[in-house]
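Take a look at the letters that make up each chain.
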Amino acid sequence: MPARLEIRGTAEFRATAAKLKQVAGSGELSRLMTRRMREAAAPAVGEAQQRVRAIATSSTRGGGGQARREHTLARRKKTQAARKTAFANRGLRNSVARAVKTQVKSSGRTAGVRIRVQSSTLPTDQRKLPLYLNAGKWRHPVMGNRDRWVTQTVTPPGWFDSTMAKHGSKIRDSAAESVNVINKLVSS
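Computed from a predicted structure; not experimentally measured.

**Student:** If you had to explain the overall build of the protein chain to someone new, which residues and values would you point to?
**Tutor:** Looking only at helices and strands, one finds 7 helices and 6 strands in the protein chain. Starting at the N terminus, the α and β elements of the protein chain follow one another as β-α-α-β-α-α-α-β-β-α-β-β-α. Classification of the 188 residues of the protein chain by burial places 38% in the buried group. A separation of at least 24 residues holds for 70% of the contacts in the protein chain among residues at least 6 apart in sequence. Here the protein chain displays about 11,100 Å² of accessible surface, and carbon together with sulfur accounts for 50% of that area.

**Student:** Tell me about the environment of A111, residues and numbers included.
**Tutor:** Along the chain, A111 falls in strand β4 (residues 111-117). Taking the C-alpha atoms as reference points, A111 and V179, separated by 68 residues in sequence, lie 10.0 Å from one another.

**Student:** With reference to specific residues and values, describe the side chain of T102.
**Tutor:** Mapping T102 onto the fold places it in strand β3 (residues 100-106). Here T102 falls in the buried class, since its relative accessible area comes to 17%.

**Student:** Go over the packing of aromatic side chains, please, and point to the residues and values.
**Tutor:** What the rule picks out here adds up to 2 aromatic pairs. Ring centres 6.1 Å apart and planes at 20° place the aromatic pair Y132 and W138 in the stacked group. Using a relative accessible area of 33% as the deciding quantity, one classes Y132 as partly exposed. Here the aromatic rings of W159 and F160 are separated by 5.5 Å at their centres, their planes lie at 80°, and the arrangement is edge-to-face. Each member of the pair, W159 as well as F160, carries the same accessibility label: buried.

**Student:** I'd like a description of unusual backbone geometry, backed by residues and values.
**Tutor:** Negative phi values dominate among residues other than glycine, just as trans dominates among peptide bonds. Here the amide bond leading from T155 into P156 is cis, since omega sits at -10°, within 30 degrees of zero. Inspection of the secondary structure assignment puts P156 in the loop between β6 (145-155) and α7 (159-187).

**Student:** Pulling in residues and values, what's your account of the sheet that holds strand β5 (residues 137-142)?
**Tutor:** Strand order in the open sheet made by the 3 strands is β2-β6-β5, with antiparallel pairing throughout. Single-partner strands in this sheet number two, and they are β2 (56-57) and β5. The pairing of β2 with β6 spans 2 bridges and is antiparallel. Bridged to A56 within β6 is T155.

**Student:** Lay out the pairing of β6 with the relevant residues and their values.
**Tutor:** Pairing of β5 with β6 involves 6 bridges; the strand directions are antiparallel. Its bridge partner lying in β6, W138 is registered against Q152. Remark: 2 residues form the turn of the hairpin made by β5 and β6, two consecutive strands paired antiparallel; M143 in that turn has positive phi of roughly 50°.

Rules of the game
In every chain, residue numbers begin from 1 and rise along the written sequence. Confidence filtering applies because this is a predicted model: local features only for residues at pLDDT of at least 70, side-chain atom pairs given and counted only at 80 or more, and all residues used for totals across whole chains, interfaces and linings. Processing note: side-chain calculations cover all non-hydrogen atoms of the structure and skip hydrogens and water entirely. Numbering of helices and strands starts at the N terminus; helices are DSSP runs of H or I of at least 4 residues and strands are runs of E of at least 2. With a 1.4 Å probe rolled over the protein chains alone, any residue whose accessible area is under 20% of its type maximum counts as buried; one over 50% counts as exposed, and the rest are partly exposed. The criterion used for residue contact is that any of the two residues' heavy atoms lie within 4.5 Å. Per-residue and other accessible areas were derived by the Shrake-Rupley procedure at a 1.4 Å probe size, with only the shown protein chains allowed to occlude residues. To pair, rings of Phe, Tyr and Trp, with the six-membered ring standing in for Trp, must have centres within 6.5 Å; the planes then decide the type, stacked if under 30 degrees apart, edge-to-face if over 60, and tilted in the middle. DSSP-based pairing: two strands are paired if at least 2 bridges between them are found.

If you want it as structure tokens, here you go:
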């Protein structure tokens, strides 16, 4: 399971989402609330992406970049431009940074902001690595050789958790503010 931090508000989020469902022309208000909540989460997403790109890892030759390139090319027509882009965007840290996403829900039953690492965008064999990068170390066989194992470490550990802890209250406050603004618009 990927590393993630979910901020759930009080019942006020759900109540506002339910009111939006009942109000005529609520599509525009709902989109406004969603946009404001996404904007509130943007600084945390940007910092998480920046921090994962900046971490230092001990590494071995080969493997990761090739896996990212092959994963990218599997979904596209293999033109020269696609190969060049896939080669430029390879690397575990860049792949994980691109996988950090914001999800905003404002339906009648649930409402909230979620920032997570969307591991489905990573190659199959790398989907657990964001969690390991956040934890700070993991063991794996060298080039698939189960007789030879290596421990990889990350400095500093907690790139995701510390960023979300830093921004969590700001996101919660901004999301609550946007809900209050929408509540006032719906009530009037």
